[in-house]
Amino acid sequence: MAHRNLWASILAEHLGFSVWSLWSVLVLFMTPETGFAFTPEQKFLLISVVSLVGAVLRVPYTLAVPRFGGRNWTLVSVVVLVVPTVLAAVLVQRPDTPFWLFVVLAATAGLGGGNFSSSMANINFYFPERRKGWALGLNAGGGNIGVATVQLAGLAVIAAFTVEAGPLVPLCYLPLLLLASWASWRFMDNLATARADTAAQLAAVRERDFWTMSVLYIGTFGSFIGFGFAFGLLLQNQFDRTPLEAAAVTFLGPLLGSLVRPVGGWLADRFGGARVTAWNFLAMAAGTGLVAVATVQGSLPLFVLSFGAVFVLTGVGNGSTYKMIPTIYAAKAENLVAGGTPRTEAAARTKRVASAMLGLIGAVGALGGVAINLVFREAFAATGSATPAFIAFLVFYLACLALTWLCYLRVPAAAPTAGTAAR
(Lines give C-alpha, C1' and ligand atoms only; values in the text may rest on other atoms or scores of the structure.)
Protein backbone atom coordinates (compact mmCIF):
# COMPACT_ATOMS: atom_id res chain seq x y z
CA MET A 1 0.00 0.00 0.00
CA ALA A 2 2.82 2.39 0.87
CA HIS A 3 4.61 1.77 -2.41
CA ARG A 4 1.41 2.05 -4.45
CA ASN A 5 0.73 5.48 -2.96
CA LEU A 6 4.37 6.46 -3.41
CA TRP A 7 4.45 5.80 -7.17
CA ALA A 8 1.16 7.60 -7.81
CA SER A 9 2.38 10.49 -5.67
CA ILE A 10 5.63 10.72 -7.64
CA LEU A 11 3.72 11.04 -10.93
CA ALA A 12 1.50 13.82 -9.60
CA GLU A 13 4.38 15.68 -7.97
CA HIS A 14 6.50 15.30 -11.11
CA LEU A 15 3.87 17.08 -13.19
CA GLY A 16 3.49 19.70 -10.48
CA PHE A 17 7.18 20.55 -10.73
CA SER A 18 6.96 20.58 -14.54
CA VAL A 19 4.11 23.09 -14.55
CA TRP A 20 5.85 25.19 -11.87
CA SER A 21 8.97 25.27 -14.07
CA LEU A 22 7.15 25.99 -17.35
CA TRP A 23 8.23 29.60 -17.47
CA SER A 24 11.90 28.75 -16.95
CA VAL A 25 11.57 27.20 -20.42
CA LEU A 26 9.09 29.56 -22.05
CA VAL A 27 11.29 32.62 -21.35
CA LEU A 28 13.75 31.07 -23.83
CA PHE A 29 11.02 31.39 -26.48
CA MET A 30 10.37 35.05 -25.59
CA THR A 31 12.82 36.64 -28.02
CA PRO A 32 12.61 39.64 -30.37
CA GLU A 33 12.00 37.13 -33.18
CA THR A 34 8.74 36.10 -31.49
CA GLY A 35 7.72 39.68 -30.73
CA PHE A 36 8.86 39.95 -27.10
CA ALA A 37 10.93 42.90 -25.89
CA PHE A 38 11.23 41.91 -22.22
CA THR A 39 14.61 42.73 -20.66
CA PRO A 40 16.69 40.17 -18.71
CA GLU A 41 15.66 41.94 -15.49
CA GLN A 42 11.97 41.54 -16.40
CA LYS A 43 12.42 37.85 -17.19
CA PHE A 44 14.17 37.21 -13.87
CA LEU A 45 11.32 39.06 -12.13
CA LEU A 46 8.76 36.90 -13.95
CA ILE A 47 10.25 33.61 -12.84
CA SER A 48 10.80 35.03 -9.33
CA VAL A 49 7.08 35.72 -8.98
CA VAL A 50 6.20 32.22 -10.21
CA SER A 51 8.64 30.78 -7.71
CA LEU A 52 7.19 32.94 -4.91
CA VAL A 53 3.63 31.76 -5.54
CA GLY A 54 4.75 28.13 -5.45
CA ALA A 55 6.61 28.68 -2.18
CA VAL A 56 3.71 30.42 -0.43
CA LEU A 57 1.19 27.79 -1.52
CA ARG A 58 3.25 25.07 0.14
CA VAL A 59 1.86 26.11 3.53
CA PRO A 60 -1.86 25.53 2.81
CA TYR A 61 -1.01 22.49 0.69
CA THR A 62 0.73 20.90 3.68
CA LEU A 63 -2.33 21.41 5.88
CA ALA A 64 -4.68 20.16 3.16
CA VAL A 65 -3.60 16.50 3.40
CA PRO A 66 -4.87 15.89 6.95
CA ARG A 67 -7.97 17.97 6.21
CA PHE A 68 -9.09 16.42 2.90
CA GLY A 69 -7.12 13.16 2.66
CA GLY A 70 -4.05 12.28 0.62
CA ARG A 71 -5.89 10.83 -2.38
CA ASN A 72 -8.54 13.58 -2.51
CA TRP A 73 -6.06 16.42 -2.29
CA THR A 74 -3.68 14.90 -4.82
CA LEU A 75 -6.53 14.64 -7.30
CA VAL A 76 -7.57 18.27 -6.75
CA SER A 77 -4.00 19.59 -6.89
CA VAL A 78 -3.41 17.88 -10.25
CA VAL A 79 -6.70 18.94 -11.87
CA VAL A 80 -6.18 22.65 -11.08
CA LEU A 81 -2.87 22.56 -13.00
CA VAL A 82 -4.89 22.60 -16.20
CA VAL A 83 -5.49 26.34 -15.63
CA PRO A 84 -1.84 27.57 -15.63
CA THR A 85 -0.99 25.13 -18.41
CA VAL A 86 -3.63 26.56 -20.76
CA LEU A 87 -2.77 30.13 -19.73
CA ALA A 88 0.90 29.51 -20.54
CA ALA A 89 0.00 28.28 -24.03
CA VAL A 90 -2.02 31.45 -24.61
CA LEU A 91 0.39 33.97 -23.08
CA VAL A 92 3.45 32.81 -25.01
CA GLN A 93 1.52 33.80 -28.15
CA ARG A 94 0.59 37.25 -26.80
CA PRO A 95 3.71 39.46 -26.73
CA ASP A 96 1.50 42.56 -26.64
CA THR A 97 0.15 41.63 -23.17
CA PRO A 98 1.09 44.33 -20.60
CA PHE A 99 3.98 43.08 -18.49
CA TRP A 100 2.11 43.38 -15.18
CA LEU A 101 -0.83 41.33 -16.50
CA PHE A 102 1.55 38.84 -18.08
CA VAL A 103 3.24 38.29 -14.71
CA VAL A 104 -0.07 37.95 -12.83
CA LEU A 105 -1.43 35.32 -15.21
CA ALA A 106 1.87 33.44 -15.53
CA ALA A 107 2.15 33.33 -11.74
CA THR A 108 -0.67 30.76 -11.65
CA ALA A 109 2.02 28.23 -12.64
CA GLY A 110 3.04 28.50 -8.99
CA LEU A 111 0.13 26.15 -8.24
CA GLY A 112 2.48 23.35 -9.26
CA GLY A 113 4.94 24.33 -6.56
CA GLY A 114 2.52 23.55 -3.76
CA ASN A 115 2.23 19.88 -4.75
CA PHE A 116 5.61 19.07 -3.23
CA SER A 117 4.61 19.86 0.35
CA SER A 118 1.30 18.00 0.27
CA SER A 119 2.97 15.01 -1.38
CA MET A 120 5.82 14.84 1.13
CA ALA A 121 3.51 15.31 4.10
CA ASN A 122 1.30 12.50 2.81
CA ILE A 123 4.06 9.98 2.02
CA ASN A 124 5.68 10.60 5.43
CA PHE A 125 2.73 8.79 7.05
CA TYR A 126 3.36 5.56 5.15
CA PHE A 127 6.97 4.57 5.87
CA PRO A 128 8.83 3.52 9.04
CA GLU A 129 11.68 5.67 10.34
CA ARG A 130 14.43 3.47 8.90
CA ARG A 131 12.97 3.83 5.38
CA LYS A 132 12.01 7.51 5.40
CA GLY A 133 15.28 8.81 3.97
CA TRP A 134 15.00 6.65 0.87
CA ALA A 135 11.20 6.96 0.45
CA LEU A 136 11.09 10.73 0.90
CA GLY A 137 14.17 11.12 -1.29
CA LEU A 138 12.58 9.02 -4.04
CA ASN A 139 9.33 10.93 -3.82
CA ALA A 140 11.06 14.30 -3.88
CA GLY A 141 13.59 13.30 -6.53
CA GLY A 142 10.86 11.98 -8.81
CA GLY A 143 9.11 15.32 -8.42
CA ASN A 144 12.25 17.43 -8.81
CA ILE A 145 13.09 15.75 -12.09
CA GLY A 146 9.98 17.41 -13.51
CA VAL A 147 12.13 20.55 -13.84
CA ALA A 148 14.46 18.71 -16.20
CA THR A 149 11.58 17.01 -18.05
CA VAL A 150 9.87 20.25 -19.02
CA GLN A 151 13.22 21.68 -20.12
CA LEU A 152 13.81 18.62 -22.30
CA ALA A 153 10.36 19.17 -23.78
CA GLY A 154 11.37 22.74 -24.55
CA LEU A 155 14.59 21.56 -26.21
CA ALA A 156 12.67 19.09 -28.37
CA VAL A 157 10.17 21.74 -29.46
CA ILE A 158 12.87 24.31 -30.31
CA ALA A 159 14.92 21.75 -32.21
CA ALA A 160 11.94 20.46 -34.18
CA PHE A 161 9.83 23.58 -34.72
CA THR A 162 12.01 26.63 -33.77
CA VAL A 163 11.10 29.23 -31.14
CA GLU A 164 7.81 29.97 -32.93
CA ALA A 165 6.28 26.78 -31.46
CA GLY A 166 6.40 27.72 -27.78
CA PRO A 167 2.70 26.87 -27.13
CA LEU A 168 3.40 23.20 -27.84
CA VAL A 169 5.41 22.87 -24.61
CA PRO A 170 2.52 23.45 -22.18
CA LEU A 171 -0.07 21.81 -24.43
CA CYS A 172 1.77 18.47 -24.38
CA TYR A 173 1.22 18.35 -20.61
CA LEU A 174 -2.59 18.39 -20.75
CA PRO A 175 -3.02 14.63 -21.44
CA LEU A 176 -0.39 13.83 -18.81
CA LEU A 177 -2.36 15.81 -16.22
CA LEU A 178 -5.45 13.76 -17.06
CA LEU A 179 -3.42 10.56 -16.64
CA ALA A 180 -2.11 11.66 -13.24
CA SER A 181 -5.64 12.58 -12.13
CA TRP A 182 -6.84 9.07 -12.94
CA ALA A 183 -3.82 7.44 -11.26
CA SER A 184 -4.25 9.41 -8.03
CA TRP A 185 -7.92 8.45 -7.83
CA ARG A 186 -7.32 4.81 -8.75
CA PHE A 187 -4.19 3.97 -6.76
CA MET A 188 -4.01 6.30 -3.75
CA ASP A 189 -5.68 6.18 -0.35
CA ASN A 190 -6.98 8.53 2.35
CA LEU A 191 -5.41 7.49 5.64
CA ALA A 192 -7.65 7.75 8.68
CA THR A 193 -4.53 8.20 10.83
CA ALA A 194 -3.32 11.24 8.85
CA ARG A 195 -4.48 13.98 11.19
CA ALA A 196 -2.78 17.28 11.86
CA ASP A 197 -2.25 18.52 15.41
CA THR A 198 -2.62 22.27 14.94
CA ALA A 199 -1.47 23.12 18.44
CA ALA A 200 1.63 20.97 17.99
CA GLN A 201 2.33 22.57 14.60
CA LEU A 202 2.23 26.05 16.09
CA ALA A 203 4.44 24.95 18.96
CA ALA A 204 6.96 23.39 16.57
CA VAL A 205 7.12 26.57 14.48
CA ARG A 206 8.28 28.37 17.61
CA GLU A 207 11.12 25.90 18.11
CA ARG A 208 14.70 26.59 17.05
CA ASP A 209 14.92 23.40 14.98
CA PHE A 210 12.16 24.53 12.63
CA TRP A 211 13.92 27.76 11.69
CA THR A 212 17.37 26.19 11.60
CA MET A 213 16.26 23.47 9.21
CA SER A 214 14.38 26.04 7.12
CA VAL A 215 17.57 28.02 6.59
CA LEU A 216 19.47 24.87 5.63
CA TYR A 217 16.75 23.90 3.19
CA ILE A 218 16.89 27.37 1.66
CA GLY A 219 20.54 26.58 0.95
CA THR A 220 19.81 23.21 -0.69
CA PHE A 221 16.36 23.18 -2.26
CA GLY A 222 16.23 26.94 -2.69
CA SER A 223 19.43 26.67 -4.70
CA PHE A 224 18.10 23.75 -6.74
CA ILE A 225 14.85 25.41 -7.79
CA GLY A 226 16.37 28.88 -8.12
CA PHE A 227 19.25 27.70 -10.30
CA GLY A 228 16.89 25.46 -12.26
CA PHE A 229 14.70 28.44 -13.12
CA ALA A 230 17.68 30.69 -13.91
CA PHE A 231 20.07 28.37 -15.79
CA GLY A 232 18.71 29.06 -19.27
CA LEU A 233 18.59 32.81 -18.73
CA LEU A 234 22.17 32.77 -17.44
CA LEU A 235 23.36 30.99 -20.56
CA GLN A 236 21.52 33.48 -22.75
CA ASN A 237 22.56 36.65 -20.95
CA GLN A 238 25.98 35.75 -19.50
CA PHE A 239 27.29 33.78 -22.49
CA ASP A 240 25.06 35.01 -25.37
CA ARG A 241 23.74 31.53 -26.21
CA THR A 242 20.82 31.15 -28.62
CA PRO A 243 17.53 29.62 -27.34
CA LEU A 244 18.46 26.27 -28.88
CA GLU A 245 21.99 26.33 -27.44
CA ALA A 246 20.66 27.28 -24.00
CA ALA A 247 17.92 24.64 -24.05
CA ALA A 248 20.44 21.98 -25.07
CA VAL A 249 22.28 22.46 -21.76
CA THR A 250 19.67 23.78 -19.33
CA PHE A 251 18.04 20.44 -18.52
CA LEU A 252 21.30 18.79 -17.42
CA GLY A 253 21.61 20.58 -14.08
CA PRO A 254 18.09 19.87 -12.77
CA LEU A 255 18.31 16.31 -14.12
CA LEU A 256 21.50 15.56 -12.19
CA GLY A 257 20.23 17.26 -9.04
CA SER A 258 16.99 15.29 -9.15
CA LEU A 259 18.60 11.91 -9.77
CA VAL A 260 20.96 12.16 -6.82
CA ARG A 261 18.35 13.35 -4.30
CA PRO A 262 17.48 9.78 -3.20
CA VAL A 263 21.24 9.19 -2.85
CA GLY A 264 21.38 12.11 -0.43
CA GLY A 265 18.62 10.49 1.63
CA TRP A 266 20.42 7.14 1.56
CA LEU A 267 23.71 8.73 2.63
CA ALA A 268 21.88 10.42 5.48
CA ASP A 269 20.38 7.07 6.52
CA ARG A 270 23.87 5.56 6.45
CA PHE A 271 26.13 8.30 7.85
CA GLY A 272 23.79 10.80 9.50
CA GLY A 273 21.96 13.73 7.98
CA ALA A 274 23.96 16.49 9.67
CA ARG A 275 27.35 15.06 8.70
CA VAL A 276 26.33 14.67 5.05
CA THR A 277 24.75 18.14 5.02
CA ALA A 278 27.83 19.84 6.50
CA TRP A 279 30.25 18.31 4.00
CA ASN A 280 27.80 19.06 1.23
CA PHE A 281 27.65 22.78 2.03
CA LEU A 282 31.45 22.93 2.02
CA ALA A 283 31.49 21.35 -1.44
CA MET A 284 28.72 23.70 -2.65
CA ALA A 285 30.79 26.71 -1.59
CA ALA A 286 33.82 25.39 -3.49
CA GLY A 287 31.73 24.64 -6.59
CA THR A 288 30.13 28.07 -6.51
CA GLY A 289 33.58 29.63 -6.33
CA LEU A 290 34.47 27.85 -9.58
CA VAL A 291 31.25 29.10 -11.18
CA ALA A 292 32.19 32.67 -10.24
CA VAL A 293 35.64 32.18 -11.77
CA ALA A 294 34.01 30.89 -14.96
CA THR A 295 31.80 34.00 -15.26
CA VAL A 296 34.82 36.29 -14.78
CA GLN A 297 36.88 34.41 -17.37
CA GLY A 298 33.96 33.95 -19.75
CA SER A 299 34.65 30.21 -19.86
CA LEU A 300 31.48 28.38 -20.92
CA PRO A 301 32.92 24.85 -20.44
CA LEU A 302 34.07 25.64 -16.88
CA PHE A 303 30.72 27.30 -16.16
CA VAL A 304 28.67 24.31 -17.32
CA LEU A 305 30.87 21.73 -15.55
CA SER A 306 31.11 23.58 -12.24
CA PHE A 307 27.43 24.60 -12.29
CA GLY A 308 26.52 20.98 -13.03
CA ALA A 309 28.53 19.92 -9.98
CA VAL A 310 26.66 22.46 -7.84
CA PHE A 311 23.35 21.05 -9.09
CA VAL A 312 24.46 17.55 -8.05
CA LEU A 313 25.34 18.86 -4.60
CA THR A 314 21.98 20.60 -4.21
CA GLY A 315 20.34 17.23 -4.85
CA VAL A 316 22.47 15.48 -2.24
CA GLY A 317 21.76 18.27 0.23
CA ASN A 318 18.02 18.13 -0.46
CA GLY A 319 17.96 14.45 0.51
CA SER A 320 20.16 14.79 3.58
CA THR A 321 18.41 17.84 5.06
CA TYR A 322 14.95 16.34 4.59
CA LYS A 323 16.07 13.16 6.32
CA MET A 324 17.16 15.24 9.31
CA ILE A 325 13.62 16.50 9.95
CA PRO A 326 11.86 13.20 10.87
CA THR A 327 15.02 12.12 12.71
CA ILE A 328 14.89 15.21 14.91
CA TYR A 329 11.25 14.60 15.75
CA ALA A 330 11.85 10.91 16.39
CA ALA A 331 14.44 11.99 18.95
CA LYS A 332 11.92 14.40 20.44
CA ALA A 333 9.58 11.43 20.87
CA GLU A 334 12.29 9.64 22.85
CA ASN A 335 12.64 12.73 25.02
CA LEU A 336 8.90 12.64 25.71
CA VAL A 337 9.10 8.94 26.58
CA ALA A 338 11.97 9.66 28.96
CA GLY A 339 9.78 12.32 30.57
CA GLY A 340 6.97 9.84 31.23
CA THR A 341 4.78 10.08 28.09
CA PRO A 342 3.56 6.67 26.82
CA ARG A 343 5.62 5.61 23.82
CA THR A 344 2.63 5.18 21.50
CA GLU A 345 1.28 8.63 22.31
CA ALA A 346 4.71 10.26 21.96
CA ALA A 347 5.36 8.61 18.60
CA ALA A 348 1.95 9.55 17.19
CA ARG A 349 2.23 13.16 18.33
CA THR A 350 5.70 13.79 16.95
CA LYS A 351 5.00 11.95 13.70
CA ARG A 352 2.08 14.28 12.96
CA VAL A 353 4.20 17.31 13.71
CA ALA A 354 7.09 16.01 11.60
CA SER A 355 4.75 15.48 8.65
CA ALA A 356 3.53 19.07 8.87
CA MET A 357 7.07 20.36 9.32
CA LEU A 358 8.19 18.55 6.16
CA GLY A 359 5.74 20.68 4.20
CA LEU A 360 6.24 23.93 6.09
CA ILE A 361 10.03 23.75 5.89
CA GLY A 362 9.64 22.95 2.20
CA ALA A 363 7.67 26.19 1.86
CA VAL A 364 10.31 28.29 3.58
CA GLY A 365 13.09 26.55 1.64
CA ALA A 366 11.37 27.29 -1.67
CA LEU A 367 11.62 30.99 -0.89
CA GLY A 368 15.33 30.54 -1.55
CA GLY A 369 14.47 30.10 -5.22
CA VAL A 370 12.78 33.49 -5.17
CA ALA A 371 15.80 35.09 -3.51
CA ILE A 372 18.25 33.57 -5.97
CA ASN A 373 16.46 34.95 -9.00
CA LEU A 374 16.03 38.36 -7.39
CA VAL A 375 19.76 38.41 -6.61
CA PHE A 376 20.52 37.51 -10.24
CA ARG A 377 18.17 40.30 -11.36
CA GLU A 378 19.96 42.88 -9.21
CA ALA A 379 23.39 41.62 -10.27
CA PHE A 380 22.57 42.00 -13.96
CA ALA A 381 20.91 45.37 -13.40
CA ALA A 382 23.94 46.71 -11.51
CA THR A 383 26.87 45.10 -13.35
CA GLY A 384 25.54 43.23 -16.37
CA SER A 385 27.03 40.02 -14.93
CA ALA A 386 26.03 37.21 -12.54
CA THR A 387 29.43 37.19 -10.80
CA PRO A 388 28.36 39.26 -7.72
CA ALA A 389 25.39 36.92 -7.24
CA PHE A 390 27.57 33.80 -7.15
CA ILE A 391 29.93 35.39 -4.63
CA ALA A 392 26.93 36.12 -2.40
CA PHE A 393 25.77 32.51 -2.69
CA LEU A 394 29.24 31.23 -1.76
CA VAL A 395 29.17 33.26 1.47
CA PHE A 396 25.70 31.98 2.29
CA TYR A 397 26.74 28.33 1.86
CA LEU A 398 29.63 28.85 4.27
CA ALA A 399 27.16 30.35 6.75
CA CYS A 400 24.94 27.25 6.36
CA LEU A 401 27.97 25.04 7.02
CA ALA A 402 28.66 26.93 10.25
CA LEU A 403 24.99 26.69 11.28
CA THR A 404 24.91 22.94 10.70
CA TRP A 405 28.04 22.43 12.79
CA LEU A 406 26.88 24.69 15.64
CA CYS A 407 23.40 23.18 15.93
CA TYR A 408 23.81 19.52 15.00
CA LEU A 409 27.45 18.43 14.99
CA ARG A 410 29.01 19.89 18.11
CA VAL A 411 29.24 17.25 20.83
CA PRO A 412 27.25 18.55 23.82
CA ALA A 413 28.26 17.91 27.38
CA ALA A 414 24.73 16.87 28.32
CA ALA A 415 22.76 13.79 27.32
CA PRO A 416 21.76 13.36 23.64
CA THR A 417 18.92 15.59 22.45
CA ALA A 418 16.92 15.96 19.26
CA GLY A 419 19.73 17.97 17.71
CA THR A 420 22.46 15.40 18.32
CA ALA A 421 20.26 12.60 16.99
CA ALA A 422 20.13 14.34 13.63
CA ARG A 423 23.73 13.39 13.05
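Look above for the structure.
Report on the accompanying structure. Just so you know, these numbers come straight off a predicted model, no measurement behind them. (Residues numbered from 1 in each chain as written. Predicted model: local features only at pLDDT ≥ 70, side-chain atom pairs only at ≥ 80, totals over all residues. Heavy atoms only, no water.)

1. Comments concerning the packing of aromatic side chains
Two descriptors summarise a pair of aromatic rings, namely the distance from one centre to the other and the angle between the planes of the rings.
Link 1 in the chain: By the definition in use, this model includes 37 aromatic pairs.
Link 2 in the chain: Judged by centre distance (5.3 Å) and plane angle (70°), the ring pair of F376 and F390 falls under edge-to-face. Residue F376 is located in helix α18 (residues 343-383), and its partner F390 is located in helix α19 (residues 387-409); the two are separated by 14 residues in the primary sequence.
Link 3 in the chain: Over the ring of W185 we find R71, and its NZ or CZ is 4.2 Å from the ring centre. (Phe/Tyr/Trp six-rings, centres within 6.5 Å; stacked < 30°, edge-to-face > 60°. Helix = DSSP H or I, 4+ residues; strand = E, 2+ residues; numbered from the N terminus. Lys NZ or Arg CZ within 6 Å of the ring centre and 35° of its normal.)

2. Section: the packing of helix α3 (residues 40-68) against helix α4 (residues 70-79)
Link 1 in the chain: Running from N to C, α3 and α4 point in directions that differ by 130°, and their axes come no closer than 7 Å. Overall, the two elements α3 and α4 adopt an arrangement that is oblique. The hand of the α3/α4 crossing is right-handed. Contacts between α3 and α4 involve Y61, A64, V65 and F68 from the first element and G70, N72, W73 and S77 from the second.
Link 2 in the chain: A breakdown of the residues in the contact of α3 with α4 according to their chemical character gives 5 nonpolar, 3 polar and no charged. (Axes fitted to C-alpha atoms, helices over the stretch in contact; angles between N-to-C directions. Parallel < 35°, antiparallel > 145°, perpendicular 65-115°, else oblique. Left-handed = near helix turned anticlockwise from the far one by under 90°. Contact = heavy atoms within 4.5 Å. Nonpolar A, V, L, I, M, F, W, Y, C, P; charged D, E, K, R; others polar.)

3. A closer look at helix α12 (residues 208-239)
Link 1 in the chain: A230 marks the point of greatest bend in α12, at about 45°.
Link 2 in the chain: Downstream of α12 by one or two residues, D240 has phi in the positive range, about 55°. (Bend = angle between axes of the 7 residues up to and from the residue.)

4. Observations concerning the pattern of salt bridges
Link 1 in the chain: Taken as a whole, this structure holds 4 salt bridges when the rule is applied.
Link 2 in the chain: The partner of D209 in a salt bridge is R208, and the shortest N-O contact between them spans 3.9 Å. (Salt bridge = Lys/Arg side-chain N within 4 Å of Asp/Glu carboxyl O.)

5. Overview of the side chain of T74
Link 1 in the chain: Here T74 shows up in helix α4.
Link 2 in the chain: Judged by its relative accessible area of 12%, T74 falls in the buried class. (Buried < 20%, exposed > 50% of the residue type's maximum accessible area, 1.4 Å probe, protein only.)

6. Here we look at the environment of F271
Link 1 in the chain: If you trace the backbone, F271 turns up in helix α15 (residues 261-271).
Link 2 in the chain: A residue is classified by how much of its surface remains accessible, and F271, at 44% relative accessible area, is partly exposed.
Link 3 in the chain: Separated by 49 residues in the primary sequence, F271 and S320 place their C-alpha atoms 9.8 Å from one another.

7. Structural notes on the side chain of T97
Link 1 in the chain: Topologically, T97 is positioned in the loop between α5 (82-91) and α6 (99-106).
Link 2 in the chain: A distance of 2.9 Å separates the side chain of T97 from the backbone oxygen of R94, its partner in a polar contact.
Link 3 in the chain: If near-sequence neighbours (up to four positions away) are discounted, T97 is found in contact with L91 and F102. (Polar contact = N/O pair within 3.5 Å; in protein donor to acceptor, adjacent residues only side chain to side chain.)

8. Focus on empty space enclosed by the protein
Link 1 in the chain: Following the criterion strictly, the structure yields 2 cavities of 30 Å³ or more and no others.
Link 2 in the chain: The calculated volume of the second largest cavity comes to roughly 50 Å³.
Link 3 in the chain: In terms of lining residues, the second largest cavity is bounded by S9, A12, E13, T74, S77, N115, S118 and S119.
Link 4 in the chain: Sorting the residues of the lining of the second largest cavity by element identifies α1 (2-20), α4 and α7 (111-123) as the ones contributing at least two each. (1 Å grid on protein atoms, 1.4 Å probe; cavity = no way out; pocket = protein on both sides within 12 Å on 5 of 7 lines; lining within 4 Å. Points joined across faces, edges and corners; volume = space filled by probe spheres on them.)

9. Examining a nonpolar patch on the surface
Link 1 in the chain: Taken together, the side chains of W134, V263, W266 and F271 present a nonpolar region at the surface, about 410 Å² in accessible area.
Link 2 in the chain: In terms of residues, the nonpolar patch owes the most to one element, α15, which gives 3 residues.
Link 3 in the chain: On the secondary structure map, W134 appears in helix α8 (residues 129-161).
Link 4 in the chain: By relative accessible area, which is 39% here, W134 ends up partly exposed. (Patch = residues over 30% accessible without salt bridge, like charges linked within 9 Å, V, L, I, M, F, W, Y side chains within 5 Å. Areas by Shrake-Rupley, 256 points an atom, 1.4 Å probe, with all protein chains shown as cover.)

10. Things to note about the packing of helix α14 (residues 252-259) against α15
Link 1 in the chain: Contact pair α14 / α15: the axes reach a minimum separation of 4 Å and the direction vectors enclose 30°. Classified by the interaxial angle, the pair formed by α14 and α15 is roughly parallel. Contacts between α14 and α15 pair G257, S258 and L259 from the former with R261, P262 and V263 from the latter.
Link 2 in the chain: For the contact of α14 with α15, the per-class residue count stands at 3 nonpolar, 2 polar and 1 charged.

11. Section: the environment of V78
Link 1 in the chain: Summarising the element assignment, V78 is placed in helix α4.
Link 2 in the chain: Counting along the chain gives 29 residues from V78 to A107, while the straight-line C-alpha distance between them is 16 Å.
Link 3 in the chain: Excluding its chain neighbours within four sequence positions, the residues that come into contact with V78 are A12, L177, A180 and S181.

12. Observations concerning helix α13 (residues 243-250)
Link 1 in the chain: Among all positions of α13, only P243, A246, A247 and T250 are buried. Down the axis of α13, the sector holding all buried residues measures 95°, keeping them to one side. (Arc of directions from axis to C-beta.)

13. Overview of the state of the cysteines
Working definition: the covalent bond between the sulfur atoms of two cysteines is a disulfide.
Link 1 in the chain: Taken as a whole and assessed by the stated rule, the structure comprises 0 disulfides.
Link 2 in the chain: Just so you know, C400 is unpaired, no disulfide at all, and the nearest cysteine sulfur is the one on C407, 11 Å from it. (Disulfide = S-S within 2.5 Å.)

14. Concerning the environment of V50
Link 1 in the chain: Along the polypeptide, V50 turns up in helix α3.
Link 2 in the chain: In this structure V50 comes out as buried when scored by relative accessible area, which is 1%.
Link 3 in the chain: Those residues in contact with V50 that sit more than four places away from it in its chain are W20, W23, A106, A107, A109, G110 and F229.

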